Amino acid sequence: MAGAAAFYSGSFNFSTEGGFGGFIATQQTVIDAVTWGLVSGSAPVVLNPKLTIAAGVNMSVTFATLVGTGSIVAYK
C-alpha cells in the first residue's frame, strides 16, 4: 500500500476528496452505500442487497464515500 491509510471501525460514514484506492476489511464488514470514483460531491449509491465482506479481504476499488458497519483500513 503506497500513500496514506485510515482506520474506520464500528458504524462509519466518511467521505474524502480525491478518493481512496481500496480497503481491507479487518473484521466482517457490511457496506450500505458507496460513491464510486474520486469525487465526493455526489450522493452515495445505496446497495441492495448490502455488500458483506469477510475479514482479510482486500477490495481494490476507487471510492470517495463509504457507509457501513464493521472495521476497515482504507488506503490511497
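Okay, so let's go over this structure.

Reading the values: rules and limits
Residues numbered from 1 in each chain as written. Predicted model: local features only at pLDDT ≥ 70, side-chain atom pairs only at ≥ 80, totals over all residues. Heavy atoms only, no water. Helix = DSSP H or I, 4+ residues; strand = E, 2+ residues; numbered from the N terminus. Areas by Shrake-Rupley, 256 points an atom, 1.4 Å probe, with all protein chains shown as cover. Phe/Tyr/Trp six-rings, centres within 6.5 Å; stacked < 30°, edge-to-face > 60°. Buried < 20%, exposed > 50% of the residue type's maximum accessible area, 1.4 Å probe, protein only. Lys NZ or Arg CZ within 6 Å of the ring centre and 35° of its normal. Core = buried A, V, L, I, M, F, W, Y, C linked by side-chain atoms within 4.5 Å. Contact = heavy atoms within 4.5 Å. Pairing = 2+ DSSP bridges.

### Concerning the overall build of the protein
Link 1 in the chain: In terms of helices and strands, the protein carries zero helices and five strands.
Link 2 in the chain: Secondary structure of the protein in N-to-C order comes out as β-β-β-β-β.
Link 3 in the chain: Along the first, second and third principal axes, the C-alpha atoms of the protein reach 30 × 25 × 20 Å.
Link 4 in the chain: Per element, the accessible surface of the protein, about 4000 Å² overall, is 59% carbon and sulfur.

### Considering the packing of aromatic side chains
Link 1 in the chain: The tally for this structure, following the rule as stated, stands at seven aromatic pairs.
Link 2 in the chain: Each ring, one from Phe14 and one from Phe63, has its centre 6.1 Å from the other, and the planes form 65°; the classification is edge-to-face. Of this pair, Phe14 sits in strand 1 (residues 5-20) while Phe63 sits in strand 5 (residues 63-75); the two residues are 49 residues apart in sequence, bridging distant segments of the chain. Considered together, Phe14 and Phe63 belong to a single accessibility category, that of buried residues.
Link 3 in the chain: Among the aromatic residues, ring-to-ring pairing joins Tyr8, Phe12, Phe14, Phe20, Phe23 and Phe63 into one connected group.
Link 4 in the chain: A cation over a ring is seen here: Lys76 above Phe20, with NZ or CZ 5.1 Å from the ring centre.

### Brief notes about unusual backbone geometry
Link 1 in the chain: Omega for the peptide link from Asn48 to Pro49 comes to 10°, which places this bond in the cis form.
Link 2 in the chain: Turning to its location among the elements, Pro49 is positioned in strand 3 (residues 45-53).

### Re the nonpolar core
Link 1 in the chain: In this structure, Phe14, Phe23, Ile31, Phe63, Leu66, Ile72 and Ala74 are the most contacted members of the largest nonpolar core, which totals 13 residues.
Link 2 in the chain: Elements represented by at least two residues in this core include exactly strand 1, strand 2 (22-36), strand 3 and strand 5.
Link 3 in the chain: The residues touching Leu66, leaving out its near neighbours within four places in the chain, are Phe12, Asn13, Phe14, Phe23, Ile31, Ala33, Val34 and Ile72.

### A short note on the pairing of strand 5
Link 1 in the chain: In terms of residue burial, strand 5 counts as a mostly covered element, since eleven of its 13 residues are buried.
Link 2 in the chain: Taken together, the twelve bridges between strand 1 and strand 5 define a ladder with antiparallel strand orientation. From the neighbouring strand, Ser15 faces strand 5, where its bridge partner is Thr65.
Link 3 in the chain: In the sheet, strand 2 pairs with strand 5 via eleven bridges, with the strands oriented antiparallel.

So far we have only geometry, and geometry alone does not tell us how the molecule works.
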